Amino acid sequence: MLPKDPAAQAKVLREVIRSYTYVLMWMGVSIAVILFNKWLLAYSGFPFPIALTLWHMFFCSTVGFICVRVLKLVKSHNMTPREYYTRVMPIGLLYAGSLWLSNSAYLYLSVSFIQMTKSLMPGLVYASGVMLGTEKYSRGVTLNMLLIAFGVVICAIGEMNLVFRGVVQQLTALGFEAMRLTMVQVLINSKGYNMNPIQSLYYVSPACLICLLVPFLSVELNKLRTTHDWTFNPSVMLANALTAFILNLAVFLLIGKTSALTMNIAGVIKDWMLIFFSFYLFKAPVTTINLLGYAFCCSGVVVYNHMKLQMIKNKVAATGGGKGDEEKPKDSERSKEDILSEIRRLQSQMAELEDRVSNSAKVMNGAGGMGA
């Protein structure tokens, strides 16, 4: 219900317009990156997913270094070499596998089917969390994840251009990405190294670049040398990397300036739009069984999202509870140190809630920027 005060109404209207602007910007850039990658790898004459991902990581590493070390727009965490090797390199390895295989899947699968398989992400992240101890096992959540998986199976049954190799690559990429998101929570966030997008580019991109050199040298370099019918357009490659970089910033803006719930809802709408864009731009057939299976998946994801947010809120509320009011000292009896300690505790709990909800939103939407 809108407030009666004209000034308050104008403020609410500005907030609504701002939120929708961020949503539309993120949806537009995300769709552009996915369609751009599909066109570049499958139609433009550059079928080299590892080389493309290497270029993305080189571009991100350069931008991150300039922003952190040259322009000093954001601060560095000043990690020691040992910390970088033990905390960042495993994440870079998983990220390299995720980006390599997800980009490779564009050579074999339609954009619409790839988006349908991403419904499995919440379940895979949940399974990774249970294995690594960041999530507690729940029969209700597990059942919901199995229902989502059943919906993906229905999508696969209805897919007319199903290539087994592409399916294996896409599912493996999702597994790597789920493990990466969980490892970020274990190795980075839990140790106080919360990173914004620029810091993530600065630290993770070089690690990913190093890990990608191994498959590039052993798998794709010889193909690049022996194949002569491929094309390379520097301006197109630069535009592709810039678009993917902007997507990382758009994700940060959407979560930071609106809410995780807004991103989850926008993500569902974006995926449906991608299905129809893929149909019209690339003539990728979409069957009724595809759409029914994906509608089933979306319903399961919405239910999981609701369950996840409720669990997070209940956990924070439970940890925020303390002794009853009758057992608490009066404000006049509390020392300055006690009050400051209480404020810091509440701030820490709010930061934990925001981090968990933001991570939940990233999981729902694939989480990857460069390989979207």
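Here, the structure is the one placed above.
Residues numbered from 1 in each chain as written. Predicted model: local features only at pLDDT ≥ 70, side-chain atom pairs only at ≥ 80, totals over all residues. Heavy atoms only, no water.

### Structural notes on unusual backbone geometry
Thought 1: The phi dihedral of K72 is positive, around 55 degrees, even though this residue is not glycine.
Thought 2: Turning to its location among the elements, K72 is positioned in the loop between α2 (49-70) and α3 (81-105).
Thought 3: Assessed through its relative accessible area of 60%, K72 is described here as exposed.
Thought 4: A positive phi is found at N78, a non-glycine position, where the angle reads about 50 degrees.
Thought 5: Residue classification places N78 among the exposed positions, given a relative accessible area of 55%. (Helix = DSSP H or I, 4+ residues; strand = E, 2+ residues; numbered from the N terminus. Buried < 20%, exposed > 50% of the residue type's maximum accessible area, 1.4 Å probe, protein only.)

### Description of a nonpolar patch on the surface
Thought 1: Side chains of F65, I66, V70, L71 and L73 sit close together on the surface and give an oily, nonpolar patch of about 490 Å² of accessible area.
Thought 2: Its place among the elements puts F65 in helix α2. (Patch = residues over 30% accessible without salt bridge, like charges linked within 9 Å, V, L, I, M, F, W, Y side chains within 5 Å. Areas by Shrake-Rupley, 256 points an atom, 1.4 Å probe, with all protein chains shown as cover. Salt bridge = Lys/Arg side-chain N within 4 Å of Asp/Glu carboxyl O.)

### So, the packing of α2 against helix α8 (residues 197-226)
Thought 1: One can describe the packing of α2 onto α8 by two numbers: an axis separation of 7 Å at closest approach and a directional angle of 155 degrees. Between α2 and α8, the crossing angle belongs to the class labelled roughly antiparallel. With respect to the hand of their crossing, α2 and α8 are arranged in left-handed fashion. (Axes fitted to C-alpha atoms, helices over the stretch in contact; angles between N-to-C directions. Parallel < 35°, antiparallel > 145°, perpendicular 65-115°, else oblique. Left-handed = near helix turned anticlockwise from the far one by under 90°.)

### Some thoughts on the side chain of N290
Thought 1: Locating N290 in the fold gives a position in helix α11 (residues 288-320).
Thought 2: Engagement of the side chain of N290 in a polar contact is seen with the backbone oxygen of C155, the distance being 2.7 Å.
Thought 3: For N290, the residues in contact, after removing those within four places along its chain, are M116, C155, G158, E159 and P285. (Polar contact = N/O pair within 3.5 Å; in protein donor to acceptor, adjacent residues only side chain to side chain. Contact = heavy atoms within 4.5 Å.)

### What to know about the packing of aromatic side chains
Thought 1: Scanning the model with the defined rule gives 14 aromatic pairs in all.
Thought 2: An angle of 50 degrees between the planes, with centres 6.1 Å apart, marks the rings of F36 and W39 as tilted. A residue pair is termed a helical-turn pair when its members lie 3 or 4 positions apart in one helix, as F36 and W39 do in helix α1 (residues 6-42) at 3 residues.
Thought 3: Here W39 falls in the partly exposed class, since its relative accessible area comes to 37%.
Thought 4: Note on Y43 and F282: the rings are 5.1 Å apart at their centroids and 5 degrees apart in plane angle, and the pair reads as stacked. Linking Y43 in the loop between α1 and α2 with F282 in helix α10 (residues 260-282), this pair joins segments that are 239 residues apart in sequence.
Thought 5: Across from the ring centre of Y95, 4.4 Å away, lies the NZ or CZ of R180, which sits over that ring. (Phe/Tyr/Trp six-rings, centres within 6.5 Å; stacked < 30°, edge-to-face > 60°. Lys NZ or Arg CZ within 6 Å of the ring centre and 35° of its normal.)

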